[in-house]
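# Structural features, examined
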Amino acid sequence: MLEETLKRIQAHKGVIGTIVVNAEGIPIRTTLDSSTTVQYAGLLHQLTMKARSTVRDIDPQNDLTFLRIRSKKHEIMVAPDKEYLLIVIQNPSEYLLPQ
Amino acid sequence: GKTMVKPPDQLDLSEAELKEEFTRILTANNPHAPQNIVRYSFKERSYKQISSVDQLAIHFVLEGNLLHKDSDEARRQRARDGIPEDGAEDAGDTEEGAGEERPDSLEISLGKKERKLTNQFNFSERASQTMNNPMRERECQTEPPPRGKFSATANQWEIYDAYVEERRKQEKVKEKQKVLSSKKEEDKGKKKLQLVENQSDDITKVAKVAKIIERMVTQNTFDDIAQDFKYFEDASDEFRDQEGTLLPLWKFQHDKAKRLSVTALCWNQKYKDLFAVGLGSYEFTRQGQGMLLFYSLKNATFPEYIFSTMSGVMCLDIHKQLSYLVAVGFYDGCVAIYNLKEQGPQPVYRSTARSGKHTDPVWQVKWQKDDTDNNHNFFSVSSDGRVVSWTLVKVLGGTLRLSLDLYLKPFLSCGTSLDFHKQIDYLFLVGTEEGKIHKCSKSYSSQFLETYVAHNMAVDAVKWNHFHPKVFMSCSSDWTVKIWDHTIKSPVFTFDLNAAVGDVAWSPYSATVFAAVTTDGKVHVFDLHINKYEAICQQAVVAKKTKLTHIEFNPAYPIIIVGDDRGYVTSLKLSPNLRKKPKEKKGQELPKGPEVEVAKMEKLLSLLREPETVPQD
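Rules and cut-offs
Residues numbered from 1 in each chain as written. Chains lettered and ligands numbered in written order. Predicted model: local features only at pLDDT ≥ 70, side-chain atom pairs only at ≥ 80, totals over all residues. Heavy atoms only, no water. Helix = DSSP H or I, 4+ residues; strand = E, 2+ residues; numbered from the N terminus. Contact = heavy atoms within 4.5 Å. Buried < 20%, exposed > 50% of the residue type's maximum accessible area, 1.4 Å probe, protein only. Arc of directions from axis to C-beta. Salt bridge = Lys/Arg side-chain N within 4 Å of Asp/Glu carboxyl O.

## With respect to the overall build of chain B
Counting secondary structure elements, chain B contains nine helices and 30 strands. Taking as baseline every contact in chain B between residues at least 6 positions apart, the subset at least 24 positions apart corresponds to 47%.

Next comes the structure, spelled out in structure tokens:
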């Protein structure tokens, strides 16, 4: 079930790559090359920890659901779990004509 | 031999002379002392001889340099040298009979600084050093313990988490204690299961998170649709007189459902973005498997739940309160209940020939309120002419059983649709294949309360109005949609839509707005308040030759979903003109609530009733 979901995500329009990172920040599954993966995993892991810490400091009963970083070139989406971290990099379809 | 040797100058004596004894006397007199010492005595004024002469003879005289330490000279010397008189000496002086007479000299010498008296002119000091033993260092180093870096933060939420964890453990312990007292074996099995779950910390736990990500990705891809759904209001509606439009939003399709038609649609009351799609086939000749899919608006690419069924699904209904219970009616006459909380692909219960399933396709199922024993029950209507009430009875042993309760004796010819009154529990309508609509009551199972000659062909749908208690609507393949007042035998409104009407639905926000779908692929939206004769929107939403089969309004959002015979479900947004509320009169507060809607409808009806002078039957 999970495999299918991941496959579907990867096959989705605009998705550049998918990475699954475990609790220690080590990528366990990826569709990108290893150097990029390691870089993404390390940096995003820290950022997610920080974001989660921020949310929970404000209200400990709250928790981070997901994190979205939109940059000029693409969008990085991170969904944390108790033990894992799922990272997806997508090129959102921006077909809007400049107005 | 030993002969006496005489020295040559020895005195020779006669024997007589040898025997002569000479006496010698030892006295203490000093032989050197003079014997006649004369001293002048002034008394007798003459020289007189001293009677006794000193006989002392001194043999040896040595001047010593030892002083008694207590003598004056010694004291004087000590004072000169600067050596303080120590306490021992004082003690010795003051306590003469003290008892402890240690060798004072030793003690004093230890306590005082010894001043070495060296010869100024001729002194050489000679020291010698003994051999030092070479120092040797001997060390031993063990292997250091393995080190790991540990870092943690102490935050408010870490503390909170720890407390929550602690509480959970306590509760588990309590539970275990309870269970242990009754069944120990089962518990062991459970424990084993729990252990296994903990150990397998593989990637399956990411499933939940993957779902979220998929939704995010989809949202990105269909970003414009999501924005439209939320914010777009067709501005051109102001220019269009009273007409409105439907804006197509997401399109839901599933690969495996391509050959099937949408046979049922139902929104979930609790989660307003979730809806169920039943897939089967209306063709008698093309009967195969069916599917039950649940989609969420949050993810249009893939259904949330998928169930495959042996026979085509013809109808479904989601329980109003327990939104995880879904009742489904099949083409082969079975009814089944699916529990979305359960994991398996099979329904929780399924009726069989023994438990009294229908012998013809089930056209409509509807959940009812729980009965007096708090058992769930629902109704179904089928072409075999029966309206059946099913009750879920919990039997000993834990399994569920459907019990059968026939409501109407089968002289009802082929029922094709069913709807229960929104407010009055026991009142319901049944539409038949010959075009009649029967009004029935749960309490009278053998008779109809009323029969309406509605259509020329089978009644495809009957729907009670959400607000007005007297109004209902019916549609049929004879191209018409009719609106009724259940107290009047003839329809209040009739609309001809130029094509067979598949389904009609009242809107949940207005008593006078409803929509219908036809087999020519169009959606017709009516608002009786605005236009009593025509639709305010007629729009083709699917490709030609695709028939639309069902339509449902979303309970919360201004969207509708339509299903067609290719297995697609399209969602459309209603433009503002279609959702008009009565205008506020200046100065008057607009009363909100269903009463307004009811009043609207009532007004319309009253307009129609007045000119009718023909006596009602």
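## Describing unusual backbone geometry
Residues and elements named next belong to chain B. A positive phi angle is found at Trp479, which is not glycine, with a value near 75 degrees. Residue Trp479 is classed as partly exposed on the basis of its relative accessible area of 41%. Notably, Asn498 is not glycine yet its phi reads approximately 65 degrees, a positive angle. Topologically, Asn498 is positioned in the loop between strand E23 (493-496) and strand E24 (501-506).

## Observations concerning helix H1 (residues 2-11) of chain A
Residues lying three or four places apart along an α-helix face the same way, a consequence of the helix completing one turn every 3.6 residues. For H1 of chain A, the set of buried residues is Leu2, Thr5, Leu6, Arg8 and Ile9 of chain A. Down the axis of H1 of chain A, the buried set is contained in an arc of 160 degrees. They therefore lie on one face. Exposed and facing more than 90 degrees away from the buried side of H1 of chain A are Lys7 and Ala11 of chain A. The secondary structure elements touched by the buried residues of H1 of chain A are strand E1 (15-21), strand E2 (27-30) and strand E5 (85-90) of chain A together with helix H7 (207-221) of chain B.

## Notes on the pattern of salt bridges
All names here are of chain B. One pass over the structure, following the stated rule, counts 18 salt bridges over all chains. Glu171 is paired through a salt bridge with Arg167; the nearest N and O atoms lie 3.9 Å apart. Separated by four residues within a single helix, Glu171 and Arg167 lie in helix H5 (residues 156-182), roughly one turn from each other. Glu171 sits in the partly exposed class, given a relative accessible area of 40%.

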